[in-house]
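# Notes for the structure review
Spelled out from the first residue to the last, the chains are:
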Amino acid sequence: MVRFRLVVLGAVLSLVVLCSGLAQKLPDMGVQPPRPCFCEDPAQSCVLDVAFSPDGGMILTGGDAMTARLWDTQTGHLLRTLTGHTDTVRSVTFSPDGQMILTGSDDKTARLWDTQTGHLLRTLTGHTDIVTSVAWSFDGTLLLTGSSDHTARLWAVPDGQVTQEFQGHTDLVRHVAFVPDQRSVVTSSNDATIRRWDMATGREQQRFTGHTAPVSSIAVARDGNSLLSGSLDSTARYWDLATGEQRLMVDLRGAILAVALAPTSTYMVPVGMDRTIRVWDVATGREVRQFAGHQCPLNGVAIAPDETLIVTSSADTTTRVWDVATGQERYHLTP
């Protein structure tokens, strides 16, 4: 199996062994991997990424069952399963109009799917290692992928041609995102940096430094003014995208594996080794709500477009939908 290399401190090694099968993807670091935190029933699978459709009517999940699944947000019922990847599905997203889906996998490919039928439309090949993250441009014409091969690539829709490659990170690219200006993209890496790139030239425009460990997740504000990042150094940081100035930092006292920023940028949700979902007010930097229920670290989070729901996935193999107003769990997503 392809190895998913993570640069981590010994004390944080447990976070990479989040699900069944992922332990085999660790390189030999001379350390015995800890006991995984997951249900040992082989019928169970772990969801690694989650996303809401642009209209909020569907939830998309991807994980180590080599599939992506589409769910009805209101009922929690499974609508369809997307099959075709030959290894773990690590990242999922919708097109801006919700008509297509993009997935990235440990099989080194990204794939385009028809949302309504679940049919595979195109397979994007070229990365030489795991596709760790995928994103769709705001105008729907471009795709962005990040990989363990240390690069990010820009692809045209619908022909799937590579239009740009971004090189410069000294370790695997963990997460990628478009900036609403349609001229730049942002990547985060295990090299502990966040970088902004010019889409036309492929050159690095800006570097955000301050994290002291791999930057696992990023989210760009819809207005293009701010950037949220989460790191294995246990901090979530909120940056001014124009100046690179850090506006806010919160410490979760445990590695952060995923972050989500509300569409209006009013609140943020970083999740990870701390099994609690904590909602933070961006303006004040204060924690305003907690959700509890997961039994293991969380590895995925998304906020509904209307900001009323949050979906989280965990190494306990559950995916849960939460009511933001009440803090109550609405339901589990169960295949």
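My aim in this report is to walk through the structure given alongside it, one point at a time. These figures come from a predicted structure and were not determined experimentally. (Residues numbered from 1 in each chain as written. Predicted model: local features only at pLDDT ≥ 70, side-chain atom pairs only at ≥ 80, totals over all residues. Heavy atoms only, no water.)

With 15 residues, the main nonpolar core has Tyr-267, Val-269, Val-271, Ile-277, Val-301, Ile-303 and Ile-310 as its most contacted residues. Contributions of two or more residues to this core are made by strand E21 (256–261), strand E22 (267–272), strand E23 (277–281) and strand E25 (298–303). The contacts of Ile-277, once residues within four sequence positions are left out, are Val-269, Val-271, Arg-289, Gln-290, Phe-291, His-294, Leu-298, Thr-312 and Trp-322. Ala-221, Leu-228, Leu-252 and Trp-280 belong to the second-largest nonpolar core, a separate cluster that totals 14 residues. (Core = buried A, V, L, I, M, F, W, Y, C linked by side-chain atoms within 4.5 Å. Buried < 20%, exposed > 50% of the residue type's maximum accessible area, 1.4 Å probe, protein only. Helix = DSSP H or I, 4+ residues; strand = E, 2+ residues; numbered from the N terminus. Contact = heavy atoms within 4.5 Å.)

This brings us to the pairing of strand E2 (residues 58–63). Of all six residues in E2, six are buried, a share of seventy percent or more. Burial along E2 is two-sided: Met-58, Leu-60 and Gly-62 facing one way and Ile-59, Thr-61 and Gly-63 facing the other are all buried. Hairpin connection of strand E1 (residues 47–52) to E2: five residues between the antiparallel strands, including Gly-56 at a positive phi of 80 degrees. Looking at chain direction, E2 and strand E3 (residues 67–72) are connected through five bridges and run antiparallel. Bridge pairing in E3 links Leu-60 to Leu-70. Linkage of E2 to E3, two consecutive antiparallel strands, is achieved through a turn of three residues, within which Met-66 is found at a positive phi near 70 degrees. (Pairing = 2+ DSSP bridges.)

Our next topic: unusual backbone geometry. A cis amide bond links Val-157 with the next residue in sequence, Pro-158, at an omega value of 10 degrees. With respect to the secondary-structure elements, Pro-158 resides in the loop between strand E11 (151–156) and strand E12 (162–167). Backbone geometry places Lys-108, a non-glycine residue, at a positive phi of 75 degrees. As for its placement among the helices and strands, Lys-108 is situated in the loop between strand E6 (100–105) and strand E7 (110–114). Despite not being glycine, Arg-253 shows a phi value in the positive range, around 60 degrees. With respect to the element layout, Arg-253 can be found in the loop between strand E20 (246–251) and E21. For Arg-253, a relative accessible area of 78% puts it in the exposed group.

Let's shift gears to the packing of aromatic side chains. If you walk through the whole model with that rule in mind, you get three aromatic pairs. Geometrically, the ring pair formed by Phe-166 and Trp-197 is tilted, given 5.9 Å between the ring centres and 45 degrees between the ring planes. Here the residue Phe-166 occupies a position in strand E12, and Trp-197 occupies one in strand E15 (residues 194–198), the gap between them amounting to 31 residues. Taking relative accessible area as the criterion, Phe-166 reaches 1% and is therefore assigned buried. Since its relative accessible area comes to 1%, Trp-197 is described here as buried. (Phe/Tyr/Trp six-rings, centres within 6.5 Å; stacked < 30°, edge-to-face > 60°.)

The next thing to look at is the sheet that holds E6. Pairing in this open sheet of four strands is antiparallel, and the strands run E5-E6-E7-E8 from one edge to the other. The open sheet terminates on both sides in strands that have one partner only, identified here as strand E5 (89–94) and strand E8 (120–124). Strand-to-strand twist in this sheet, taken as the mean axis angle between neighbours without regard to direction, amounts to 20 degrees. Looking at chain direction, E6 and E7 are connected through five bridges and run antiparallel. What sits directly across from Ile-101, in E7, is Trp-113. (Axes fitted to C-alpha atoms, helices over the stretch in contact; angles between N-to-C directions.)

Let us now look at the pairing of strand E14 (residues 184–189). Taken across its six residues, E14 has six buried, putting it largely inside the fold. Neither face of E14 is open: one carries Ser-184, Val-186 and Ser-188, the other Val-185, Thr-187 and Ser-189, and all of them are buried. Alignment of strand E13 (residues 173–178) against E14, held across five bridges, turns out to be antiparallel. Directly across from Val-173, in E14, lies its bridge partner Ser-189. Of the strand pairs in this sheet, E14 and E15 are connected by five bridges, and their pairing is antiparallel. When the sheet's bridge partners are listed, Val-186 is paired in E15 with Arg-196. The hairpin formed by E14 and E15 contains four residues between the paired strands, and Ala-192 there has a positive phi angle of roughly 75 degrees.

Let's shift gears to the sheet that holds E2. Ordered in space as E1-E2-E3-E4, the four strands form an open sheet in which the pairing is antiparallel. The open sheet has two edge strands with one neighbour each: E1 and strand E4 (78–83). Each strand axis lies, on average, 20 degrees off the axis of its neighbour in the sheet, ignoring direction. Pairing geometry for E1 and E2, over five bridges, is antiparallel. When the bridges of E2 are listed, Ala-51 appears paired with Leu-60.

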